[in-house]
Amino acid sequence: MAVLEIIWEIADFFCSWRLYLCLGPALLGAFFLHDSFPDASWPWFISIPVVITALCGGLYWDWRARRIC
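Below is a summary of the structure that appears in this document. (Residues numbered from 1 in each chain as written. Predicted model: local features only at pLDDT ≥ 70, side-chain atom pairs only at ≥ 80, totals over all residues. Heavy atoms only, no water.)

### Looking at the overall build of the chain
Then step 1. A tally of regular secondary structure across the chain gives 3 helices and 0 strands.
Then step 2. Overall, the chain shows an N-to-C arrangement of helices and strands of α-α-α.
Then step 3. On C-alpha atoms alone, the chain measures out to a radius of gyration of 15 Å, which is more than a quarter above the 11 Å that the 2.2 N^0.38 rule sets for 69 residues.
Then step 4. In terms of overall dimensions, the chain has a C-alpha envelope of 50 × 25 × 15 Å along the principal axes.
Then step 5. Taking all 69 residues of the chain together, the buried fraction comes to 22%.
Then step 6. Across the chain, the fraction of contacts at a sequence separation of at least 24, relative to all contacts at a separation of at least 6, is 74%. (Helix = DSSP H or I, 4+ residues; strand = E, 2+ residues; numbered from the N terminus. Rg over C-alpha atoms; globule rule 2.2 N^0.38 Å. Buried < 20%, exposed > 50% of the residue type's maximum accessible area, 1.4 Å probe, protein only. Contact = heavy atoms within 4.5 Å.)

See below:
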């Protein structure tokens, strides 16, 4: 039963609006950056760290909000 509870908590964690509030604009910005400069390689060096930071920030924000409540 503990394994199912862990899977449920992980699924519930990724259904949080805080995660998508951070991740959505970062992915949208990365999409427009890659769309504006399709043949350049430098957008990858900007978009990947920004998206990873947004993902970590959203997960941290949600974790802190769940821990406080």
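What follows continues from the structure just given.
### Quick word on helix α3 (residues 42-68)
Then step 1. Compared with an ideal rise of 1.5 Å per residue, which puts 27 residues at 39 Å, α3 spans 40 Å between its outermost C-alpha atoms and is within 8% of the ideal.
Then step 2. Among all positions of α3, only P43, S47, V51, A54, G58, D62 and A65 are buried.
Then step 3. Contact partners of the buried residues in α3: α1 (2-13) and α2 (17-36). (Expected span 1.5 Å × (residues − 1).)

### Focus on the nonpolar core
Then step 1. In terms of nonpolar packing, the biggest core is built from 5 residues, these being L23, A26, A30, V51 and A54.
Then step 2. When residues in this core are grouped by element, the largest group, 3 residues, is from α2.
Then step 3. What A26 contacts, discounting residues up to four positions off in sequence, is V50, V51 and A54. (Core = buried A, V, L, I, M, F, W, Y, C linked by side-chain atoms within 4.5 Å.)

### What to know about the packing of aromatic side chains
Then step 1. Summed over all chains, the structure comprises 4 aromatic pairs.
Then step 2. On the basis of an interplanar angle of 75° and a centroid distance of 5.5 Å, the ring pair of W17 and W61 is categorised as edge-to-face. Here W61 lies in helix α3 and W17 lies in helix α2, a separation of 44 residues in the sequence. (Phe/Tyr/Trp six-rings, centres within 6.5 Å; stacked < 30°, edge-to-face > 60°.)

### Here's the deal with the state of the cysteines
Then step 1. Inspection of every chain in the model, using the stated rule, returns 0 disulfides.
Then step 2. Its sulfur unpaired, C22 is 11 Å from the next cysteine sulfur, which belongs to C56.
Then step 3. Residue class for C22 comes out partly exposed when judged on its relative accessible area of 23%.
Then step 4. Taking the relative accessible area as the measure of exposure, C56 reaches 46% and is therefore partly exposed. (Disulfide = S-S within 2.5 Å.)

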